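What the coordinates show
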Amino acid sequence: MNTEKLQSLSDFYRSQLLKDTLPFWFPDSVDEQFGGYLLMKNHDGALIDDDKAVWIQGRFAWLLSTLYNTIEPRKEWLDAAKSGIEFLNKYCFDTDGQMFFHVTREGKPIRKRRYFFSETFAAIAHAAYAKASGDENAAKRARQLFATCIEYSEGKKQLPAKFSGTRPVKGIGVPMIMINTAQQIRDTIGDPRCDEYILKWIGEIETNFVKDDLRCVMEQVALDGTVVDHIDGRTLNPGHAIEGAWFILHEAVYRGNDKKLIDLGCRMLDYMWERGWDKEYGGIFYFRDVYHRPVQEYWQDMKFWWPHNEAIIATLLAYLVTGDEKYASWHQQVHDYAYQHFHDKVSGEWYGYLHRDGTVAQTAKGNLFKGPFHLPRQEWYCAQILSASIKQKVSND
């Protein structure tokens, strides 16, 4: 891509973020009565439920704080971020310290989960808000949450018991989310633990989940890192592994374009693009089987929004760090598919769920899992890395 193309893409992503995606959610989603955000919305922005997903309360507070930190210090963004932070702290922690997954509009608990992703999103939200506001208590809270997540990830702090039977496994989700959590904390408030732990978690992914002989990235493996040859153990999630690939490529850039990390991130992207891209209809399959056998979940061939956000980031970042036109071509493919099929040109934002042929499966744009995170993060991050690349090209010229 020449500089003109890079600038055009950067302008596109920034415009989509600020003029299309964000206005769908903000300011109408801020709950002026109870705090936090009302995010379960239909295609036209109408509420379909006033419950609150704790993940997305943290994610939106992170996004608003991040926009304040990196795009423009708008008071309304900071005020809305504060509303989410206060709601999290007031209502979203149980008496045992673990966070809830799902609460009512007023903040009454509904559900907890046997994992600690609510805590990771709360950690990055507090860190980004601390940078935006200068609130030292928020910074302290972010570091405490990060420490708690480390303890959970290492088994030093126990979550509610989960029956593992005679076939215990470990998943790629924990090292992945911890890499990104540490990266966000490092970039906002700093923490001396981040660099060492990030390399540790990348090492876990490379050692246990990246299978060069099979040209894939496993979603889960046995405790010794071997493939569990049963339906669940064989199931791949291409979009998830591609998200992990760009976390590693981001780290490569941070470490001065580290060649080993670039190679690892690109291998992960290559393997899962080959596995995941639908050559007949376009788009990324949700699940595949490592040995090309049938997948159990009925939604295995649907196209969900977020894998496409992650692939847009990963292919663009891979191109920018390698200059390989293959990645520019892949970026164009997934970009064109996603903005043609997911984007709602009438009401803005993206539909979340498509049938295999690209038709809309259902119209909700906000629920317990979908909200203002993957799409706005993609548009924000792509605009940021493109802007940085353009500046570098200009300075080199």
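Relevant structure appears above.
In this report, the structure presented in the accompanying data block is examined. (Residues numbered from 1 in each chain as written. Predicted model: local features only at pLDDT ≥ 70, side-chain atom pairs only at ≥ 80, totals over all residues. Heavy atoms only, no water.)

Here we come to the sheet that holds strand β12 (residues 303–304). Sheet strands pair by backbone hydrogen bonding; their relative direction is either parallel or antiparallel. If you walk across this open sheet you meet the three strands as β12-β13-β14, and the pairing is antiparallel. Each edge of the open sheet is held by one strand with a lone partner, namely β12 and β14 (360–362). One ladder, built from two bridges, connects strand β13 (residues 353–354) with β14; its direction is antiparallel. In the strand pairing of β14, Leu354 is matched with Val360. (Pairing = 2+ DSSP bridges. Helix = DSSP H or I, 4+ residues; strand = E, 2+ residues; numbered from the N terminus.)

This part is about the pattern of salt bridges. Pairs can form between side chains of opposite charge once their charged atoms are near each other. On inspection of all chains with the given rule, the structure shows 29 salt bridges. With a closest N to O distance of 3.9 Å, Glu86 and Lys82 form a salt bridge. Of this pair, Glu86 and Lys82 both sit in helix α3 (residues 75–91), separated by four residues, roughly a single helical turn. Note that Arg356 is salt-bridged to Asp278, the shortest N-O span being 2.8 Å. Of this pair, Arg356 sits in the loop between β13 and β14 while Asp278 sits in the loop between α10 (259–276) and β11 (288–289); the two residues are 78 residues apart in sequence, bridging distant segments of the chain. By relative accessible area, which is 26% here, Arg356 ends up partly exposed. Take Asp278: its relative accessible area is 1%, and that puts it in the buried class. Several salt bridges converge on common partners, so that one network encompasses Arg186, Asp187, Asp195, Glu251 and Arg255. (Salt bridge = Lys/Arg side-chain N within 4 Å of Asp/Glu carboxyl O. Buried < 20%, exposed > 50% of the residue type's maximum accessible area, 1.4 Å probe, protein only.)

Packed helices, taken two at a time, are described by the angle their axes make and the gap between the axes. Across the interface, helix α11 (residues 305–322) lies against helix α12 (residues 325–341) with an axial gap of 8 Å and an inter-helix angle of 155°. Comparing their axes, α12 and α11 come out roughly antiparallel. Along this stretch, α11 crosses α12, giving a crossing that reads as left-handed. Residues His308, Ala311, Ile312, Thr315, Leu316, Ala318, Tyr319 and Thr322 of α11 form the contact with α12, whose own contacting residues are Glu325, Tyr327, Ala328, Trp330, His331, Val334, His335, Tyr337, Ala338 and Tyr339. Of the residues contributing to the contact of α11 with α12, the split by class is 12 nonpolar, five polar and one charged. (Axes fitted to C-alpha atoms, helices over the stretch in contact; angles between N-to-C directions. Parallel < 35°, antiparallel > 145°, perpendicular 65-115°, else oblique. Left-handed = near helix turned anticlockwise from the far one by under 90°. Contact = heavy atoms within 4.5 Å. Nonpolar A, V, L, I, M, F, W, Y, C, P; charged D, E, K, R; others polar.)

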